[in-house]
Amino acid sequence: MLEEVEQWLRRRSFSCTDRPLTELLAAKRATGSRVSVVLPALNEERTIGGIVSVIRHELMTASPTALVDELVVLDSGSTDRTAPVAEAAGARVVHRDDVLPRLPALPGKGEVLWRSLLVTSGDIVCFADADLEDFSADFVSGVVGPLLTDPRLRLVKAMYDRPLGDDPAGGGRVTELVARPLLNLHWPRLAGFVQPLGGEYAARRTLLEQLPFPVGYGVELGLLIDSLHTAGLDALAQVDVGVRRHRHQDGQALGRMAAAIHHTAQLRMARGSRLVSPTLTQFERDVDGAGGAGGAAGSGGFAPRSHAVDTVERPPMREIAEYAARRAA
Ligand SMILES: O=c1ccn([C@@H]2O[C@H](COP(=O)(O)OP(=O)(O)O)[C@@H](O)[C@H]2O)c(=O)[nH]1
Ligand SMILES: O=C(O)[C@@H](COP(=O)(O)O)O[C@H]1O[C@H](CO)[C@@H](O)[C@H](O)[C@H]1O
């Protein structure tokens, strides 16, 4: 891992417990910031109501200043009851076709995240997936908090354990098999992000409005890489918010997601020749608290584990003299 990233991990990895809500509300009052939360939703009737309800009750009722000023569900073409369920729970629901109709909406998560900027007004915009189970308000306050208390920060991503069935760390399959290797080899300065594809993150509007949005699942990777190049590593941070449980897609669907992510990376690799960094850093929950990235008090955070990547390629055998000699004999 680059020394710059080791230092970044120490300086820019937090826990949601570092900033109590009272401190965030004071900072919000002092800065006069407005906060918008956007939930991109495609057929999320099963979970959207609970998520909206938690945000409304825990983050939109404090007086005189609530943490969240605006909660919008961007309906990505749902065919179930996502919209009425979200409205009944207290969210404003906007259908993707009703935003910028002169540009017909394309399918995809990034499309609705991009369009959400046109129908929200917050200086800080927080995105969160709408398929999360056991949703905690920490998923919003944790990533919004550092942006309220540190003007140097411009994008903050959540980090968490990602169980898959009985495996406490089996989730994030495309992260571990595609995104993390791509970032480590081609954008090693981003190797410190524990959950680079995580769908819970907050950023300043002034950053988001100047970035391109891949319309599909490449949006998280694209925004992360482009934020690095636009704002610099020190303007980025991550916050440990515990455990993230969500609905999991099947392998075929994740294959399509991986293709979109690879294409997003390919476009950015083409923008500049870059050396391949021969190291892969993976993360595991540091249960003994020996010190790792972020980590709620006592949870220890996430410990980085770096591995060498073999990058040597042998030349065609016919170029080897001994081979040529043997073939000639
Ligand atoms: O075309 C799409 C695909 C996904 N999503 C939403 O984006 C979030 C993440 O999508 P998904 O759960 O499919 O991704 P995963 O978490 O499985 O990687 C969820 O709130 C989806 O409803 C969306 O708005 N439009
Ligand atoms: O991180 C991942 O590998 C994928 C799939 O997660 P799982 O293997 O289903 O836990 O999930 C993420 O990737 C998407 C693409 O960036 C994001 O849009 C999702 O929010 C995020 O859950």
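Rules behind the numbers
- Residues numbered from 1 in each chain as written.
- Chains lettered and ligands numbered in written order.
- Predicted model: local features only at pLDDT ≥ 70, side-chain atom pairs only at ≥ 80, totals over all residues.
- Heavy atoms only, no water.
- Near = heavy atom within 4 Å.
- Polar contact = N/O pair within 3.5 Å; in protein donor to acceptor, adjacent residues only side chain to side chain.
- Areas by Shrake-Rupley, 256 points an atom, 1.4 Å probe, with all protein chains shown as cover.
- Helix = DSSP H or I, 4+ residues; strand = E, 2+ residues; numbered from the N terminus.
- Axes fitted to C-alpha atoms, helices over the stretch in contact; angles between N-to-C directions.
- Parallel < 35°, antiparallel > 145°, perpendicular 65-115°, else oblique.
- Left-handed = near helix turned anticlockwise from the far one by under 90°.
- Contact = heavy atoms within 4.5 Å.
- Nonpolar A, V, L, I, M, F, W, Y, C, P; charged D, E, K, R; others polar.
- Buried < 20%, exposed > 50% of the residue type's maximum accessible area, 1.4 Å probe, protein only.
- Arc of directions from axis to C-beta.
- Pairing = 2+ DSSP bridges.

An unreviewed UniProt entry lists the chain under the name Glucosyl-3-phosphoglycerate synthase, with Streptomyces abyssalis as the source organism.

1. Some thoughts on the site of ligand 2
Residues in contact with ligand 2 amount to 17 residues; listed here are only the nearest, Asp129, Arg162, Arg173, Val174 and Thr175. Within the side chain of Lys109, one N or O atom sits 2.9 Å away from an oxygen atom of ligand 2. One nitrogen or oxygen atom from the side chain of Glu220 is found 2.8 Å from an oxygen atom belonging to ligand 2. When the free accessible area of ligand 2 is taken as 500 Å², the share hidden by the protein chains comes to 97%. Sorting the residues of the shell around ligand 2 by element identifies helix 7 (173–186) and helix 10 (251–269) as the ones contributing at least two each. Top contributing element to the shell around ligand 2 by residue count: helix 7, with three residues.

2. Brief notes about the packing of helix 9 (residues 219–231) against helix 10
At a minimum axis separation of 9 Å, helix 9 and helix 10 run at an interaxial angle of 25 degrees. Between helix 9 and helix 10, the interaxial angle falls into the category roughly parallel. Crossing geometry of helix 9 relative to helix 10 is assigned as right-handed. Contacts from Leu221, Gly222, Ile225 and Asp226 in helix 9 reach Ile261, Thr264, Ala265 and Arg268 in helix 10. When its residues are assigned to classes, the contact of helix 9 with helix 10 shows four nonpolar, two polar and two charged.

3. Section: helix 2 (residues 21–31)
Among the residues making up helix 2, those that are buried are Leu24, Leu25, Ala27 and Lys28. All buried residues of helix 2 lie within an arc of 165 degrees about the axis, which places them on one face of the element. Across helix 2 from its buried face, at more than 90 degrees, point the exposed residues Thr22 and Ala30. Contacts made by the buried residues of helix 2 are with strand 2 (35–41) and helix 6 (138–149). In the stretch just after helix 2, Gly32 is the one whose phi turns positive, near 70 degrees.

4. A look at the site of ligand 1
In the vicinity of ligand 1, 16 residues are found, and the nearest of them are Pro40, Glu44, Ser76, Ala130 and Tyr217. Between ligand 1 and the protein, one listed contact pairs an oxygen atom with a backbone N or O atom of Pro40 at 2.7 Å. Calculation on ligand 1 without its partners gives an accessible area of 520 Å², and the protein chains cover 91% of this total. Taken together, the elements giving at least two residues each to the shell around ligand 1 come down to strand 2 and helix 5 (109–119).

5. Regarding the pairing of strand 5 (residues 124–127)
Across the two faces of strand 5 the burial is the same, with Ile124 and Cys126 and Val125 and Phe127 all buried. Pairing geometry for strand 2 and strand 5, over four bridges, is parallel. Each residue of the ladder has a partner; that of Val35, found in strand 5, is Ile124. Pairing of strand 5 with strand 8 (residues 201–204), which is carried by four bridges, proceeds in the antiparallel orientation. Across the sheet, the residue bridging to Cys126 is Ala202, located in strand 8.

6. Describing the packing of helix 7 against helix 10
Contact pair helix 7 / helix 10: the axes reach a minimum separation of 10 Å and the direction vectors enclose 10 degrees. By the angle class used here, helix 7 and helix 10 are roughly parallel. In this structure, helix 7 contributes Arg173, Val174, Val178, Leu182 and His186 to the contact, and helix 10 contributes Leu254, Met257, Ala258, Ile261, His262, Ala265 and Met269.

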